[in-house]
Amino acid sequence: MLYPCRYKQWLDKIVFIGIRESLAYGFWHLSFSTLYRSTQVVAVLLGGMSILTGHVTAEQLMKYVLYCEWLIYAAWRVEDNLSSLLQTVGATENVFQLMNLMPSDQFLSNGMKLQRLMGKIEFVNVSFYYPSRLTVPVLEHLNISVRAKEMIAIVGLSGSGKSTLVNLLLRLYEPTNGEILVDGFPLRKLDIRWLRDKIGFVGQEPHLLHMDVKSNICYGCSRDIIQEDIEWAAKQAHAHEFISSLPSGYETIVDDCVLSGGQKQRIAIARAIIRDPTILILDEATSALDADNEYYISRLLHAFRNDGRAKRTIIVIAHSLSTVKAADRIMVMNSGRVVEMGNHAELLHKDGLYARLVKTKTDALG
């Protein structure tokens, strides 16, 4: 009951502040209007008496009244605009702080650009601690080798370090110890913009921009894209059918009320496919898909494995059996370490952590 009470207390404070602000503004507006109209009445009365006694003319009185009108109205507008300006300055303070931030060193330095990226990835004795939790190791002395054009699945309990591997590969973080190699070259020496252009990444909660579906699919692609390419990528991600059923098809503006979580994930998969990446990373990218669509995505990954023209290095983080079983190797992580590795049948035969995860998943479905 503690949290509901705290929530109610803060709501009461917000209501109290809002009421005080409204009362203050209402009192100010009432005072200003009363003074303004009273001034007009007094000016007309005194001016009329002065006209009758011959001290001023009607023309002089009208000039005086109009000057007062303009002066008071201008002062009111200045005060009102000043109040709005102060509120805007407070709201944009964080924006100016972000604008003053300098780019990361990895974007300022000119790294190497390989003539051809094969997609071989190695984690050599990699350890990692998040800056806010220096006493809690996320990865410890990790050694992983992913062959070029290989599909590897990473599974494990929550908090075992699966997504951290992806963040390190994308250089969103730097390893605390150890080194990451791509095609035998240290990751930190490669040009980060060039490398990320070669990597297709789809997360569990993809971010779609408030623009049409077509623009969301081709967003971030460096090559020229035509409508046929967009539709091809959407068909590969099994998204063409539902996109065509939208009110304006590929021209439909993306909104939270228009698309479901699974539809957003399929658009994000299409966005990754259309870039034709050498390395494709799916981090729980099928978690919101139903069994039918997940089956088609698994078939797509299977095609990427066996089609020589489209074959690429694929890293999949998933709990879905249909997706995991399609991998060449399955890597099982626990507490920041790789505890098992092999294909689906080999790991089931070992009867270790992977077998327990599969049994738990099967029992939950059955």
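This text follows the structure it describes.
Residues numbered from 1 in each chain as written. Predicted model: local features only at pLDDT ≥ 70, side-chain atom pairs only at ≥ 80, totals over all residues. Heavy atoms only, no water.

Comments concerning the packing of aromatic side chains
Condition: Think of it this way: a Phe, Tyr or Trp ring, Trp meaning its six-membered ring, pairs with another when their centres are within 6.5 Å, and the plane angle makes it stacked under 30 degrees, edge-to-face over 60, tilted otherwise. We count a stretch as a helix when DSSP gives it H or I for four or more residues in a row; a strand needs E for two or more, and each element gets its number in order from the N terminus. Working definition: with a 1.4 Å probe on protein chains only, accessible area under 20% of the residue-type maximum means buried, over 50% means exposed, and in between means partly exposed.
Tallied over the full model, the rule gives five aromatic pairs. Ring centres of tyrosine 67 and tryptophan 70 lie 6.1 Å apart, and the angle between their planes is 55°; on these two criteria the pair is classed as tilted. Of this pair, tyrosine 67 and tryptophan 70 both sit in helix H2 (residues 58–91), three residues apart, which is roughly one turn of that helix. For tryptophan 70, a relative accessible area of 56% puts it in the exposed group.

What to know about the sheet that holds strand E10 (residues 337–342)
Stated precisely, the cut-off is as follows: Being paired, for any two strands, means DSSP has found at least two bridges between them. For helices, the fitted axis covers only the stretch in contact; all axes are lines through C-alpha atoms, and the angles between them, taken along N-to-C directions, range from 0 to 180 degrees. What makes two residues a contact is simply this: any of their non-hydrogen atoms within 4.5 Å.
With respect to topology, six strands assemble into an open sheet ordered E6-E7-E8-E3-E9-E10, the strand pairing being mixed. Since the sheet does not close on itself, it has two edges, and those belong to strand E6 (199–202) and E10, each with one partner. Strand-to-strand, the axes of this sheet are offset by a mean angle of 15°, without reference to chain direction. Against the sheet, helix H10 (residues 261–274) contacts E6 and strand E7 (279–283), and its axis sits at roughly 175° relative to E6.

Remarks on helix H8 (residues 227–236)
The periodicity of an α-helix, 3.6 residues per turn, causes residues three or four positions apart to be oriented the same way. Here is the rule we go by: By arc we mean the arc of the directions from the helix axis to the C-beta atoms, nothing more.
Taken together, the buried positions of H8 are occupied by Ile230, Ala233 and Ala234. For H8, the angular spread of buried residues about the axis comes to 100°, placing them on one side. Residues of H8 that are buried in the fold lie against helix H7 (213–218), helix H9 (240–244) and H10. Following H8 by one or two positions, histidine 238 has its phi on the positive side, about 55°.

Points about the nonpolar core
Put simply, the rule reads: In this text, buried Ala, Val, Leu, Ile, Met, Phe, Trp, Tyr and Cys residues form a nonpolar core when linked through side-chain atoms within 4.5 Å.
Counting 43 residues, the largest nonpolar core has Val213, Ile217, Ile243, Ile267, Ile330 and Tyr354 as the members making the most contacts within it. The dominant element in this core, judged by the number of residues it contributes, is H10, at seven residues. Excluding anything up to four places from it in sequence, isoleucine 243 contacts Val213, Ile217, Ala234, Gly249, Tyr250 and Ile267. One finds Val138, Ile152, Val166 and Met333 within the second-largest nonpolar core, a separate group that totals 32 residues.

Description of the pattern of salt bridges
Any two side chains of opposite charge can pair, given that their charged atoms come close. Selection rule: When a carboxyl oxygen of Asp or Glu lies within 4 Å of a side-chain nitrogen of Lys or Arg, that pair is called a salt bridge.
All told, the structure shown has ten salt bridges when counted by the stated rule. Among the ionic pairs, glutamate 150 bridges to arginine 147, the shortest N-O distance being 3.0 Å. On the basis of relative accessible area, arginine 147 is assigned to the partly exposed category, the value being 47%. With a shortest N-O distance of 2.6 Å, glutamate 150 and arginine 329 are connected by a salt bridge. On the criterion of sequence distance, the pair formed by glutamate 150 in the loop between strand E2 (137–146) and strand E3 (151–156) and arginine 329 in strand E9 (residues 329–334) is long-range, its members being 179 residues apart. In this structure, glutamate 150 and arginine 329 share a single accessibility class: buried. Three or more residues joined by partner-sharing salt bridges are found here, namely Arg147, Glu150 and Arg329.

Overview of the side chain of serine 127
Here is the rule we go by: For the purposes of these results, a polar contact is taken to be a pair of N or O atoms within 3.5 Å, where, inside protein, one atom must be able to donate a hydrogen and its partner to accept one; residues adjacent in sequence count only when each atom of the pair is a side-chain atom.
Within the secondary structure, serine 127 sits in strand E1 (residues 121–129). A polar atom in the side chain of serine 127 sits 2.9 Å from the backbone nitrogen of histidine 141.

Some details on the environment of alanine 148
Within the fold, alanine 148 resides in the loop between E2 and E3. With a relative accessible area of 30%, alanine 148 lands in the partly exposed category. In contact with alanine 148, other than residues within four places in its own chain, are Met118, Gly119, Lys120 and Thr313.

Observations concerning the packing of H8 against H10
Stated precisely, the cut-off is as follows: Here the word oblique covers every angle except those under 35 degrees (roughly parallel), over 145 (roughly antiparallel) and from 65 to 115 (roughly perpendicular). Crossing handedness is read from the near helix: turned anticlockwise from the far helix by less than a right angle, it gives a left-handed crossing, and turned clockwise, a right-handed one.
Close contact between H8 and H10 brings their axes to 8 Å; oriented N to C, the two are set at 125°. Put simply, H8 runs oblique to H10. When you trace H8 past H10, the crossing you get is right-handed. Counting all contacts with H8, which are made through Asp229, Ile230, Trp232, Ala233, Ala234 and Gln236, the residues of H10 involved are Ala270, Ile273 and Ile274.

So, the pairing of E3
With six of six residues buried, E3 is to be regarded as a mostly interior element. Of the two faces of E3, both are covered, the one formed by Met151, Ala153 and Val155 as well as the one formed by Ile152, Ile154 and Gly156. Summarising the sheet, E3 and strand E8 (residues 313–317) pair through four bridges and their orientation is parallel. Bridge pairing in E8 links isoleucine 154 to isoleucine 317. Of the pairings in the sheet, the one linking E3 to E9 comprises five bridges and is parallel in character. Note that in E9 the partner of alanine 153 across the bridge is isoleucine 330.

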